[in-house]
Amino acid sequence: MHAVGDIIPARKVALKMREKGVDYPFSATAPFVSKADIVTGNLECPLSDKYEPKYTGTDFITPSNTIEGLKMLGLTIVNLANNHSTNYGRETFLDTLSILEKNGIEFTGAGRNYEEAHRATIVTKKGVRFGFLGYNSIKPSIDATKSSPGVALISKDPYHPVNESHFIKVEKDIRTARKAADVVIVWFHWGKEDEYNPSPVTKRLARLACDAGADIVLGSHPHTVQPIEFYKNKLICYSLGNFVFDQMQRAQTREGFILRLKFQGKVLTSIEIVPYIIMDYSRPVIFDKDNGQYLVDKILQLSNIPVSQDQR
């Protein structure tokens, strides 16, 4: 399995695609990323032709043909539980769901109603059932209701007060997924932008998810890398960083890592951090081993994981 962070093919990324082709942001990493049996990432932008893309601002949208770039990455399933997938309203959000479905890419953390948004999406590979859930805690978003489409909301810092009933619902969703899946993976869109360390509430939620039955927790939104944690033999990655995005203002927002996970059946046996840097307002490029070691070391340092020279 390969997991990547924020995929936002909007604003300057959309401009680069118009100038250089829809494949441009994706082609440098696609040969590696697409090799996995399962590829997952946080898709944070509606796919629709109802509106022209804007090349400035923070309301994101990308043309429907961007799906070709997503397919290049080999994406199996995307998390839509975030604060930008509903930027242009429910109609464009429904366009996104339809385009993904027509092109064989599953989604989680969103749906045409509350039940679908909170139901695990099962992906079966080599006889192993992987169940995915997703939750958004960043505003603004259009949240799914009993009869209308949107994303799965969880109320927590820094934009909402903690709602304990939402935390209980997450536990319930995970326990239900646990009955249908061999491996449960939960995406959370959470935290403060540009901060390297998650808040105490974020850590509490990640561990709550693991206690409820999640095997892997993946985080997005901070636009920077954050720690990796092993909690009761469960893997938590608090933030993978930007993947396809245009934030070139500093190294922190240009850096990220592909999480490469190997399984023997349903048992996670190997974890690899594959660092990259975003170039030209759009295009992640994987580091070679020597140039990327500083970022691996930074992630391990944030995670309080000691690494000797012999282990590199």
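Heads up: the structure comes first, above all this text.
Notes on the structure follow. (Residues numbered from 1 in each chain as written. Predicted model: local features only at pLDDT ≥ 70, side-chain atom pairs only at ≥ 80, totals over all residues. Heavy atoms only, no water.)

**Re the sheet that holds strand S12 (residues 234–237)**
And then number 1: Read across the open sheet, the six strands follow the order S6-S7-S9-S10-S12-S11; overall the sheet is mixed. Because the sheet does not close on itself, it has two edges, and the strands there are strand S6 (121–125) and strand S11 (228–231). Pairs of neighbouring strands in the sheet enclose a mean axial angle of 20 degrees, with direction left out of account.
And then number 2: Here S11 pairs with S12 via four bridges, running antiparallel. Bridge pairing in S12 links isoleucine 228 to cysteine 237. (Pairing = 2+ DSSP bridges. Helix = DSSP H or I, 4+ residues; strand = E, 2+ residues; numbered from the N terminus. Axes fitted to C-alpha atoms, helices over the stretch in contact; angles between N-to-C directions.)

**Examining the packing of helix H6 (residues 164–180) against helix H7 (residues 200–212)**
And then number 1: Interaxial distance between H6 and H7 falls to 8 Å at its minimum, and their mutual angle equals 30 degrees. By the criterion of interaxial angle, the relationship of H6 to H7 is roughly parallel. Considering how the two elements wind past one another, H6 and H7 form a crossing that is right-handed. Contacts between H6 and H7 involve Glu164, Phe167, Val170, Glu171, Ile174 and Arg175 on the former and, on the latter, Val201, Arg204, Leu205, Leu208, Ala209 and Ala212.
And then number 2: When grouped by side-chain class, the residues that make up the contact of H6 with H7 number eight nonpolar, no polar and four charged. (Parallel < 35°, antiparallel > 145°, perpendicular 65-115°, else oblique. Left-handed = near helix turned anticlockwise from the far one by under 90°. Contact = heavy atoms within 4.5 Å. Nonpolar A, V, L, I, M, F, W, Y, C, P; charged D, E, K, R; others polar.)

**Focus: H6**
And then number 1: Taking 1.5 Å of rise per residue, 17 residues should cover 24 Å, and H6 covers 25 Å from first to last C-alpha, within 8% of that figure.
And then number 2: Of the positions making up H6, those classed as buried are Phe167, Val170, Asp173, Ile174 and Ala177. The buried residues of H6 occupy one face: seen down the axis, they fall within an arc of 120 degrees. Of the residues in H6, the exposed ones pointing more than 90 degrees away from the buried face are Ile168, Lys172 and Lys179.
And then number 3: Among the structural elements, strand S7 (128–136), strand S9 (183–189) and H7 are those in contact with the buried residues of H6. (Expected span 1.5 Å × (residues − 1). Buried < 20%, exposed > 50% of the residue type's maximum accessible area, 1.4 Å probe, protein only. Arc of directions from axis to C-beta.)

**Considerations on the layout of surface pockets**
And then number 1: Size it by volume and the largest pocket reaches roughly 320 Å³.
And then number 2: Surrounding the largest pocket, 15 residues form its lining, Met1, Asp37, Leu261, Lys262 and Phe263 being those nearest its centre.
And then number 3: When residues in the lining of the largest pocket are grouped by element, the largest group, four residues, is from strand S14 (residues 255–264).
And then number 4: A breakdown of the residues in the lining of the largest pocket according to their chemical character gives seven nonpolar, two polar and six charged. (1 Å grid on protein atoms, 1.4 Å probe; cavity = no way out; pocket = protein on both sides within 12 Å on 5 of 7 lines; lining within 4 Å. Points joined across faces, edges and corners; volume = space filled by probe spheres on them.)

**Section: the pattern of salt bridges**
And then number 1: Under the defined criterion, the tally for this structure stands at 19 salt bridges.
And then number 2: Here aspartate 95 ties to lysine 50 by a salt bridge, and the two come within 2.8 Å at their closest N and O atoms. Placement of aspartate 95 in helix H4 (residues 89–102) and of lysine 50 in the loop between strand S2 (39–43) and helix H3 (67–72) is noted, with a sequence separation of 45 residues between them.
And then number 3: Glutamate 68 serves as the salt-bridge partner of lysine 71, at 3.7 Å between the closest nitrogen and oxygen. Of the two residues, lysine 71 and glutamate 68 are both situated in helix H3; the distance of three residues between them amounts to about one turn of the helix.
And then number 4: Relative accessible area serves as the criterion here: at 39%, glutamate 68 is assigned to the partly exposed category. (Salt bridge = Lys/Arg side-chain N within 4 Å of Asp/Glu carboxyl O.)

**Some words on the environment of valine 296**
And then number 1: Tracing the backbone shows valine 296 in helix H9 (residues 289–302).
And then number 2: Judged by relative accessible area, which is 15%, valine 296 ranks as buried.
And then number 3: For valine 296 and isoleucine 273, which are 23 residues apart along the polypeptide, the C-alpha to C-alpha distance reads 6.8 Å.
And then number 4: Among residues more than four places away in sequence, those in contact with valine 296 are Ile273 and Pro275.

**Re the environment of threonine 176**
And then number 1: You can see threonine 176 is positioned in helix H6.
And then number 2: Residues threonine 176 and isoleucine 286, spaced 110 residues apart in sequence, show a C-alpha to C-alpha distance of 37 Å.

**Section: the pairing of strand S15 (residues 267–279)**
And then number 1: Sheet topology places S14 next to S15; ten bridges connect them, and they run antiparallel. Among the inter-strand pairings, isoleucine 258 is bridged to a residue of S15, identified as valine 274.
And then number 2: Where S14 folds back onto S15 in an antiparallel hairpin, the turn is made up of two residues, including glycine 265, whose phi is positive at roughly 65 degrees.
And then number 3: Two strands pair when backbone bridges link them, and S15 and strand S16 (residues 283–286) are joined in this way by four bridges, in the antiparallel orientation. Directly across from isoleucine 278, in S16, lies its bridge partner proline 284.
And then number 4: Linking S15 back to S16 in an antiparallel pair, the connection comprises three residues, with aspartate 280 at a positive phi of about 55 degrees.

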